Amino acid sequence: MFRTALSAIFRALPAEAAQAHCDGPCGVYDLASARVAAEAVLSMTKKLKAIEAPAAGDAAALATYNNTFSRYVAIKEEEATKAKKELMILWTDYFKPDHLATFPDLHDTFWKAAKLCSACKVNIDQGKAEELMAAVEKIHGMFWKSKGRNDAWVTAS
């Protein structure tokens, strides 16, 4: 009976749909998660380039190599996806048209950073991973300047 009464109330008074990057209009934005993800992309790219294939005929070593290589690739791709998602949220939700006066290259910077995330997924290219880090650092400067702050660029590695 209680459930029926609640259902009737919800039908009579439906809630309006709200849209935000999360489930509420929190207004909390930070580039830290994109930076950490981009750093992981660079780290995994370096690890992938450094890993050496085992000698032919060593099945156990080959299995270990394939397992490690696959894990590194999966992490690199997952982190590149995270970086792209976080950058897209900042670009589309945080930055507003009035920011273009201060940052005329804002759209181009974000577009190129998103493209670098994709390039890092498709390839094992340390140069692209380093370019991604540089793009995230540039966005870091834009983001904090837009907030009237000058937060230092700090990396975890």
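Right above here is the structure, for reference.
The structure displayed is predicted, hence computed values, not measured ones.

The rules behind each value
- Residues numbered from 1 in each chain as written.
- Predicted model: local features only at pLDDT ≥ 70, side-chain atom pairs only at ≥ 80, totals over all residues.
- Heavy atoms only, no water.
- Helix = DSSP H or I, 4+ residues; strand = E, 2+ residues; numbered from the N terminus.
- Buried < 20%, exposed > 50% of the residue type's maximum accessible area, 1.4 Å probe, protein only.
- Areas by Shrake-Rupley, 256 points an atom, 1.4 Å probe, with all protein chains shown as cover.
- Core = buried A, V, L, I, M, F, W, Y, C linked by side-chain atoms within 4.5 Å.
- Phe/Tyr/Trp six-rings, centres within 6.5 Å; stacked < 30°, edge-to-face > 60°.
- Salt bridge = Lys/Arg side-chain N within 4 Å of Asp/Glu carboxyl O.
- Axes fitted to C-alpha atoms, helices over the stretch in contact; angles between N-to-C directions.
- Parallel < 35°, antiparallel > 145°, perpendicular 65-115°, else oblique.
- Left-handed = near helix turned anticlockwise from the far one by under 90°.
- Contact = heavy atoms within 4.5 Å.
- Expected span 1.5 Å × (residues − 1).
- Polar contact = N/O pair within 3.5 Å; in protein donor to acceptor, adjacent residues only side chain to side chain.

(A) Structural detail: the overall build of the protein chain. The number of helices and strands found in the protein chain is 6 helices and 0 strands. Counting from the amino terminus, the protein chain carries its helices and strands in the arrangement α-α-α-α-α-α. Buried positions account for 29% of the 157 residues belonging to the protein chain. Put simply, the protein chain shows about 10,100 Å² of open surface, and 57% of that area lies on carbon and sulfur atoms.

(B) The arrangement of the nonpolar core in detail. Ranked by internal contacts, the top residues of the largest apolar core, which has 31 residues, are L87, F95, F110 and L132. Put simply, the parts of the chain that give this core at least two residues each are α2 (32-50), α3 (59-94), α5 (106-122) and α6 (126-146). Among the elements that make up this core, the one with the highest residue count is α6 (9 residues).

(C) Broad picture of the packing of aromatic side chains. As enumerated under the stated definition, the model contains 8 aromatic pairs in all. Where Y94 meets F95, the ring centres are 4.9 Å apart and the plane angle is 80°; that geometry is what we call edge-to-face. Across the pair, exposure class does not vary: Y94 and F95 are buried alike. An aromatic cluster of three or more residues is present, and its members are Y29, W91, Y94, F95, F103, F110, F143 and W144.

(D) The pattern of salt bridges, seen in detail. This structure, assessed with the given rule, holds 7 salt bridges. In this structure, E78 engages K82 in a salt bridge whose closest nitrogen and oxygen atoms are separated by 3.6 Å. With E78 and K82 both in helix α3, this residue pair falls 4 residues apart, about one helical turn. The exposure class assigned to E78 is partly exposed, which follows from its relative accessible area of 46%. Taking the shortest distance from any N to any O, the salt bridge between D105 and K138 comes out at 2.6 Å. One end of the pair, D105, is in the loop between α4 (99-102) and α5; the other, K138, is in helix α6, and 33 residues separate them in sequence. Because the salt bridges share partners, they merge into one network encompassing E78, E79 and K82.

(E) Representation of the packing of α5 against α6 within the structure. Running from N to C, α5 and α6 point in directions that differ by 150°, and their axes come no closer than 9 Å. Considering their axes alone, α5 and α6 lie roughly antiparallel with respect to each other. For the crossing formed where α5 meets α6, the hand is left-handed. Between α5 and α6, the contacting residues are L106, T109, F110, A113, L116, C117, A119 and C120 on the first element and K128, A129, E131, L132, A135, K138, I139 and M142 on the second.

(F) Structural context of α6. Over its 21 residues, α6 runs 30 Å from end to end, which matches the ideal 30 Å to within 8%, given 1.5 Å per residue. Where the residues of α6 are buried, they touch α2, α3 and α5. N-cap assignment for α6: the residue whose side-chain oxygen lies 2.9 Å from the backbone N of G127 is D125. Within two residues after α6, G148 carries a phi angle of roughly 75°, on the positive side.

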